[in-house]
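# Analysis of the macromolecular model
So you can see what is in the structure, the chains are spelled out below.
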Amino acid sequence: MQTLRKILEQAEANAVAIGHFNISDLVTLKAVFEAARDLNVPVVVGASEGERQFLGVRQVSELVKSLREDYDFPIFLNADHTHSLPSAIEAAKAGFDWIVFDVSTLPFEQNVRQTKAAVETLKALRPDILVEGEIGDIGSGSEIHDAAPDLQKGLTTPGEAKQFVEETGVDTLAPAVGNMHGMLKSMVAGNTKKRLDIERISAIKAEARIFMTLHGASGTDDDDLREAIAAGMTVVHINTEVRLAWRRGFDAALAKQPDEIVPYKLLPQVVDSVKQVVAARLALFSTGRRARPAVQ
Ligand SMILES: [Zn+2]
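The rules behind each value
- Residues numbered from 1 in each chain as written.
- Predicted model: local features only at pLDDT ≥ 70, side-chain atom pairs only at ≥ 80, totals over all residues.
- Heavy atoms only, no water.
- Helix = DSSP H or I, 4+ residues; strand = E, 2+ residues; numbered from the N terminus.
- Rg over C-alpha atoms; globule rule 2.2 N^0.38 Å.
- Buried < 20%, exposed > 50% of the residue type's maximum accessible area, 1.4 Å probe, protein only.
- Contact = heavy atoms within 4.5 Å.
- Lys, Arg positive; Asp, Glu negative; His and termini not counted.
- Charge placed at Lys NZ, Arg CZ, Asp CG, Glu CD.
- Core = buried A, V, L, I, M, F, W, Y, C linked by side-chain atoms within 4.5 Å.
- Phe/Tyr/Trp six-rings, centres within 6.5 Å; stacked < 30°, edge-to-face > 60°.
- Donors = N, O, S within 2.8 Å, 3.2 Å for Na, K, Ca; no water.
- Axes fitted to C-alpha atoms, helices over the stretch in contact; angles between N-to-C directions.
- Parallel < 35°, antiparallel > 145°, perpendicular 65-115°, else oblique.
- Left-handed = near helix turned anticlockwise from the far one by under 90°.
- Nonpolar A, V, L, I, M, F, W, Y, C, P; charged D, E, K, R; others polar.
- Polar contact = N/O pair within 3.5 Å; in protein donor to acceptor, adjacent residues only side chain to side chain.
- Pairing = 2+ DSSP bridges.

Let us look at the overall build of the protein chain. Along its length, the protein chain carries 12 helices and 10 strands. What you see for the protein chain is a C-alpha radius of gyration of 18 Å, in line with the 19 Å of a compact globule of 296 residues. C-alpha atoms of the protein chain, sized along the principal axes, occupy 60 × 45 × 35 Å. For the protein chain, with 296 residues in total, the buried portion stands at 52%. A separation of at least 24 residues holds for 75% of the contacts in the protein chain among residues at least 6 apart in sequence. The averaged location of the 41 negative side-chain charges in the protein chain is 2 Å from the averaged location of its 33 positive side-chain charges.

Written out as structure tokens, the structure reads:
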């Protein structure tokens, strides 16, 4: 089995991106895994602090590990948006492959200091683990929002990205480049799309020269996603679209079988609904637009 780092290197070299999808139950995990297997592309599932509190930290780790081993398939697990060192250590000890250490709401210098300490502690514990840091403001909550927050002031600059990467020793960087967690009601209705600052992505990539993760990509314009990947995004996070598909699939299943009470007769429709969304996103991410130089 290839390591996650190797898979990111290959994605970088091929100018494609790895899809990252958040899960909070077995239904979403099944859907992501089946979609990735159908397309035969590596995939990362993420569980934020709230999601892993529901799933169980060690339990979700064992579920993903069992799929990876039983099917000999490159599926990896990320501890998404981990806001404290004890929580990051718990995930590392449970076997997570990757930790997003997110103290991005702190002032820059404190963010640097705490992220550097987290990288050192986590690597001492598990030398193979990947650690991601985040700078800038990409909003919070993969939910449906009434109005867009003003994220203009929190956009990442190439200079601070370079400094952050050099001083912290992170493996991957999550910048703010017009992306935003959650979706607006108009995006859920299909009337508007998120747009990305492609030039900023290119400039940050050129300065920081690191694997980059696009958070909050649900509801983003397809062409912007292709351009963002070509400009240097190595991983793309989708959560709200997964949750929306889960809810729509569940509503449809209940409407179709109002008297059904057997979970395994209702939930396959939910799996299918999520799987369609994941498959469409994975197909887009795994189609490179143009070659770009690899990291380093
Ligand atoms: Zn995120």
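From this point, the discussion proceeds with the structure in view.
It is worth spelling out the nonpolar core at this point. Grouped together as the largest cluster of nonpolar side chains are 67 residues, with contacts concentrated most on Phe21, Ile75, Phe96, Ile99, Leu173 and Phe285. Excluding its chain neighbours within four sequence positions, the residues that come into contact with Phe21 are Val32, Val43, Val44, Val45, Gly46, Ile238, Val242, Val278, Arg281, Leu282 and Phe285. Leu8, Val16, Ile18 and Leu130 belong to the second largest nonpolar core, which has 12 residues in total.

On to the packing of aromatic side chains, then. Per the stated rule, a full pass over the model turns up 4 aromatic pairs. Judged by centre distance (5.6 Å) and plane angle (90 degrees), the rings of Phe33 and Phe73 are edge-to-face. Pair noted here: Phe33 is in helix 2 (residues 26-39) and Phe73 is in the loop between helix 4 (57-71) and strand 3 (75-82), with a separation of 40 residues, a long-range link. Here Phe33 matches Phe73 in class, with each residue buried. On the basis of an interplanar angle of 35 degrees and a centroid distance of 5.5 Å, the ring pair of Trp246 and Phe250 is categorised as tilted. Within this pair, Trp246 and its partner Phe250 are both found in helix 11 (residues 240-256), separated by 4 residues, close to a single helical turn.

This part is about the coordination of the zinc ion. Taken together, His81 (NE2), His181 (NE2) and His215 (ND1) make up the protein donors of the zinc ion, found 2.0 to 2.1 Å from the metal. Looking at His81, the relative accessible area reads 11%, which means it is buried. By relative accessible area, His181 is classed as buried at 8%.

Look at helix 5 (residues 85-94) against helix 6 (residues 108-125): their axes get within 10 Å of each other, and the N-to-C directions meet at 25 degrees. Viewed along their axes, helix 5 and helix 6 adopt a mutual orientation that is roughly parallel. Along this stretch, helix 5 crosses helix 6, giving a crossing that reads as right-handed. Contacts between helix 5 and helix 6 pair Leu85, Ala88, Ile89, Ala92 and Lys93 from the former with Ala118, Thr121, Leu122 and Leu125 from the latter. Its residues placed into classes, the contact of helix 5 with helix 6 shows 7 nonpolar, 1 polar and 1 charged.

Mapped onto the elements of the fold, Glu12 is located in helix 1 (residues 4-14). Polar side-chain contacts of Glu12 include one of 2.9 Å to the side chain of Lys205. Of note is the side chain of Glu12, whose polar atom sits 3.0 Å from the side chain of Thr234.

Attention shifts here to unusual backbone geometry. A positive phi angle, close to 55 degrees, is found at Asn40, a residue other than glycine. Along the polypeptide, Asn40 turns up in the loop between helix 2 and strand 2 (43-47). The class for Asn40 is exposed, based on a relative accessible area of 60%. Not every positive phi belongs to a glycine, and His81 is a case in point at roughly 35 degrees. For His81, the position within the fold is in strand 3.

Attention now goes to the sheet that holds strand 3. The strand order 1-2-3-4-5-7-9-10 describes a closed barrel built from 8 strands, whose pairing is parallel. Neighbour-to-neighbour, the strand axes of this sheet turn through a mean angle of 25 degrees, independent of strand direction. Sheet topology note: the strand 2/strand 3 ladder contains 5 bridges and is parallel. Counted as the bridge partner of Gly46 is Asn78 from strand 3. Helix 5 rests against strand 3 and strand 4 (98-101) of the sheet, and its axis sits at about 170 degrees to strand 4.

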